[in-house]
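# Understanding the architecture of this molecule
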Amino acid sequence: MATADVTALPARSPREIVARAHAASRARPRRVCLVLAAATFAVFCVSVSVGDYPIALTDVIPAMLGFGDQATVIVAQDLRLPRAVNGLLVGAVLGISGAIFQAVARNPLASPDILGVLYGSAVVAILVITTIGTSFALLYGGALAGALAMGVLVYVLAYRSGVSPYRFVLVGMSLGLMASSATFVLITRADIYSAAQATVWLTGSLNSAGWETVLPTGALALVLVPATLVLSGRLRTLQLGDDLGRGLGVEVERSRLALLMAAMGLAGAGTAAAGPVAFVAFMAAPIARRLTRAPLTLVPSALTGALLVLAADLLGRRLFAPAEIPVGVITGIAGAPYLLWLLARTNRVGRGG
Amino acid sequence: MVRGEQATTAQPRTVRWAYAPSRRAAILALALVTLTFVALLSLAVGSRSIGLSTTVHALTSYDPADPEELIVHDVRVPRTLVGLLVGVALGLAGGLMQGVTRNPLADPGLLGVTAGAATAIAVAVLVAGVGALTGYIWFAFAGAAIGVVIVYGIASFGRDGPTPIKLALAGAAVSALFTSITTLLVLRDLDTLNALRFWLVGSIAERGGDIARDIWPFILVGTVLALACGRLLNGLALGEDVARSLGQRVVRTRALVGACIVLLAGTATAAAGPNVFVGLVVPHVARAITGPDYRWILAFCAVLAPTMLLAADIAGRVVAPPRELGVSVVTVLVGGPLFIALVRRRKPVEL
């Protein structure tokens, strides 16, 4: 629509036409981001307001800031807020991480959850759960370390005078499947209580989320998200292929390493906080790309991921209340129909992807 | 100058080495011999080791009075048959799936097969109270078929029809949806969890002759159709436009491949649960041996996949007796490092 406006106007100079087209192509992602952010904020507030002890929507923001009667403030600040913030963070970091993986590997199926890379952290976490028991620091640190170790291992094994996206994908897939097999063997060998606990962790859950998970995940996100945004220009070039990227003067290999490590760190931070929440990393970027109609979408992917996790957690809490369903059980139900609808609706040539 | 000479002498050799038809046929024959040997081994090896002469005797002139021959006849022959059938089906389905989605990450379960089958089993146990493996094999098959039909239906909207990227995305999204539904059902009911827990591991243990009898017609038809798809997939691999300009009916090809996938992957998954790794890796191995020609890739898939499956099944029987390790776990843990070594050694033939 916006491009039609540009051509309809009397053209003054080529430079101006390009500038207008450029502005028009940026307007849509920006609008989409605004809508997504508003929706995320709305779900965030609803998520703080509903529960066994309901808080009126008008009281939510004051209560979060510490105003209002004491009981409301305690429920909001100590119970609901950490959970909602966790959901927000986990969704955002998984969404960005998935977008980077899919772009670097140039494959829509190459998100860390479909590729199985997240099982690097799962192996360590399940090992902790089944042998030592749940110690928060060990579980969090182990899961994060597992994700990073997996990332380094995939990169090193796929490296042979450079990492071709194709080899990266195949090595990641094999290592991920090996890690997931090891995880399932560990679960079958464990006693039933640890096994049940491990299963909940594996589907991804915010049930035990508190401020202590917000801190490390938030800190990691604070460092890594700006880093990825700075690198995102190079990501755009990497998407064109190695040869073209090199021709355009990008240090392909170094950019790829930096981006993948940042993405692994983000995936690890998200997984450590809530377990490998199913399909968020996979779905966020394709949904965001179809909404913005832009080729690369880190911020919209983060917002989509956050919205997805928050909405899924809200559903999981209220669907069979008072029983709580882990968020990872719902993410597929919450996001997949929407992605499918978007897929079915794309009817123009070239927008099929 | 020296560099130029090296290039001219080295290049044709690396290109020609394995791709010459006579060489490929020889390797295929070797692979067939290996498969025969592994199949015989699968009859002889187990918690009770049985000599090859007894095994052959049980096959040629069966004597029910001999307990060893009884084991071979009643337990090991059906299991090996199921392994062979499932292996052929998974290998071919993996090759077809990677060909039609042009995605190296496509496994036989991608287009909603595994997730659809799992949901159907969960529903069967929960609603219909089906208990036995033979009872829910048909539910699993129906679920797999429904999954593929939904994926194709959604991917077919729009002017282009089911493009590779839409198929892959729709497949993964439908799988996500079905997986979530299954988990939700399983969480509500422990019996369902119990039934599904064992199916999800992926195994050919305790599969009797009745299952082999049930599945072979499907897999036979699927195999014949799949082997005929090789030429069509070669066309698709050049890109849709080129394929169309070569006179291929792209939409019809994709529908045919979809039907094959329902027959092969659906049956295999229903009978043996999800064995993702075999179908994922074998096409890559076949491609590394033969080059990009799908007629050869599919032929190799059909031979290599059952070899891998049966070998892994044998290893799972002997590694920690008396317990058995599921075939899918063994394929991944043993096959994974080997596959990574292969990927590192060779320049992969990209899709």
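What counts and what doesn't
Per-chain numbering applies: the sequence of each chain, read as written, is numbered from 1 onward. Going through the entries in the order they are written, you letter the chains from A and number the ligands from 1. Restriction of local features to residues with pLDDT of at least 70 applies here, the model being predicted, together with a cutoff of 80 or more for giving and counting side-chain atom pairs; totals for whole chains, interfaces and linings are based on all residues. A run of H or I in DSSP counts as a helix once it spans at least four residues, and a run of E counts as a strand once it spans at least two, with each numbered from the N terminus. Radius of gyration here uses only the C-alpha atoms, and the compact-globule reference equals 2.2 Å multiplied by the residue count raised to the power 0.38. Any residue whose C-beta has 12 or fewer other C-beta atoms within 10 Å is treated as exposed, any with 20 or more as buried, and any in between as partly exposed, C-beta atoms being built from the backbone. Residues are scored as being in contact if the C-beta atoms we place from backbone atoms lie within 7 Å. Under the scheme applied here, ten amino acids are nonpolar (Ala, Val, Leu, Ile, Met, Phe, Trp, Tyr, Cys and Pro), four are charged (Asp, Glu, Lys and Arg), and all others, including Gly, are polar. For every residue, the predictor states its confidence as a pLDDT score lying anywhere from 0 to 100. Working definition: the nonpolar core is a set of buried Ala, Val, Leu, Ile, Met, Phe, Trp, Tyr and Cys residues, joined through C-beta atoms within 7 Å. What a helix should span is 1.5 Å times the count of its residues minus one. Only C-alpha atoms enter the line fits that serve as axes; for helices the fit covers just the stretch in contact. Angles between N-to-C directions range over 0 to 180 degrees. Here the angle decides the label: under 35 degrees means roughly parallel, over 145 means roughly antiparallel, 65 to 115 means roughly perpendicular, and every other value means oblique. In this scheme, a crossing is called left-handed if the near helix is turned counterclockwise away from the far one by less than a right angle; it is called right-handed if the turn is clockwise.

## Some points on the overall build of chain A
The number of helices and strands found in chain A is 15 helices and zero strands. Its C-alpha atoms give chain A a radius of gyration of 21 Å, within 12% of the compact-globule value 20 Å for 353 residues. For the C-alpha atoms alone, the extent of chain A along its principal axes is close to 70 × 55 × 35 Å. Of all 353 residues assigned to chain A, the portion counted as buried reaches 51%. A separation of at least 24 residues holds for 73% of the contacts in chain A among residues at least 6 apart in sequence.

## Remarks on the overall build of chain B
Tallying secondary structure elements over chain B gives 15 helices and zero strands in all. Relative to its length of 351 residues, chain B is compact, with a C-alpha radius of gyration of 21 Å against a globular reference of 20 Å. C-alpha atoms of chain B, sized along the principal axes, occupy 75 × 50 × 30 Å. Expressed as a percentage of the 351 residues in chain B, the buried residues total 53%. A separation of at least 24 residues holds for 76% of the contacts in chain B among residues at least 6 apart in sequence.

## Describing the interface of chain A and chain B
Taken together, the contact between chain A and chain B spans 42 residues of the former and 40 residues of the latter. If you list the elements that add at least two residues to the side of chain A that touches chain B, you get helix 8 (165–189), helix 13 (280–292) and helix 15 (327–345) of chain A. Per-element accounting of the side of chain A that touches chain B gives the leading share, 12 residues, to helix 8 of chain A. Partitioned by chemical class, the residues of the side of chain A that touches chain B number 30 nonpolar, 10 polar and two charged.

## Looking at the confidence of the model for chain B
All names here are of chain B. The pLDDT averaged across chain B works out to 81; a share of 90% of its residues lies at or above 70. Per-residue pLDDT, averaged within each element of chain B, yields its smallest value for helix 1 (residues 2–19) (44) and its largest for helix 14 (residues 294–318) (90). For the stretch residues 1–16, pLDDT sits under 50, and the model shows zero contacts to residues farther than four places along the chain or on other chains. Both scores are given for the predicted complex: the pTM is 0.82, the ipTM 0.78.

## Quick notes on unusual backbone geometry
Even without glycine at this site, Phe279(A) takes up a positive phi of about 70°. By the secondary structure assignment, Phe279(A) is in the loop between helix 12 (252–274) and helix 13. On the basis of neighbour count, Phe279(A) is assigned to the buried category, with 31 C-beta atoms found within 10 Å. You will see that Arg102(B), though not glycine, has its phi angle at about 45°, which is positive. In this fold, Arg102(B) is placed in the loop between helix 4 (67–101) and helix 5 (113–128).

## Details of the nonpolar core
If you look at the biggest cluster of nonpolar residues, it comprises 236 residues, and the most contacted ones within it are Met283(A), Ala89(B), Ile121(B), Ala173(B), Ile261(B) and Leu264(B). The element that contributes the greatest number of residues to this core is helix 14 of chain B, accounting for 17 residues. Every residue in contact with Leu264(B), bar those within four places of it in the chain, is listed here: Ala89(B), Leu92(B), Ala93(B), Ile219(B), Gly222(B) and Ala226(B).

## Remarks on helix 13 of chain A
Residue and element names in this part refer to chain A. When the terminal C-alpha atoms of helix 13 are compared, their 18 Å separation across 13 residues agrees well with the 18 Å that a helix rising 1.5 Å per residue should span. When you tally the buried positions in helix 13, you get 13 out of 13 residues, the bulk of the element. Of the residues trailing helix 13, Arg293 is marked for its positive phi of about 55°.

## Some words on the packing of helix 4 of chain B against helix 9 (residues 209–228) of chain B
Residue and element names in this part refer to chain B. Two elements in contact, helix 4 and helix 9, have axes whose closest approach is 9 Å; the angle formed by their N-to-C orientations is 30°. In terms of axis orientation, helix 4 runs roughly parallel to helix 9. Helix-helix and strand crossings are classified by hand; for helix 4 and helix 9 the assignment is left-handed. Residues Pro78, Leu81, Val82, Leu85, Val88, Ala89, Leu92 and Leu96 of helix 4 pack against Gly209, Ile211, Ala212, Ile215, Trp216, Ile219, Gly222, Thr223 and Ala226 of helix 9. Among the residues making up the contact of helix 4 with helix 9, the classes are represented as 14 nonpolar, three polar and no charged.

## Let's talk about the environment of Ile330(A)
Looking at where Ile330(A) falls in the secondary structure, it is placed in helix 15. Classification of Ile330(A) as buried rests on a count of 27 C-beta atoms within 10 Å. Linking Ile330(A) and Gly204(A), residues 126 residues apart in sequence, is a C-alpha distance of 9.9 Å. Setting aside residues no more than four positions away along its own chain, Ile330(A) makes contact with Ala312(A), Leu315(A), Gly316(A), Ile325(A) and Ser180(B).

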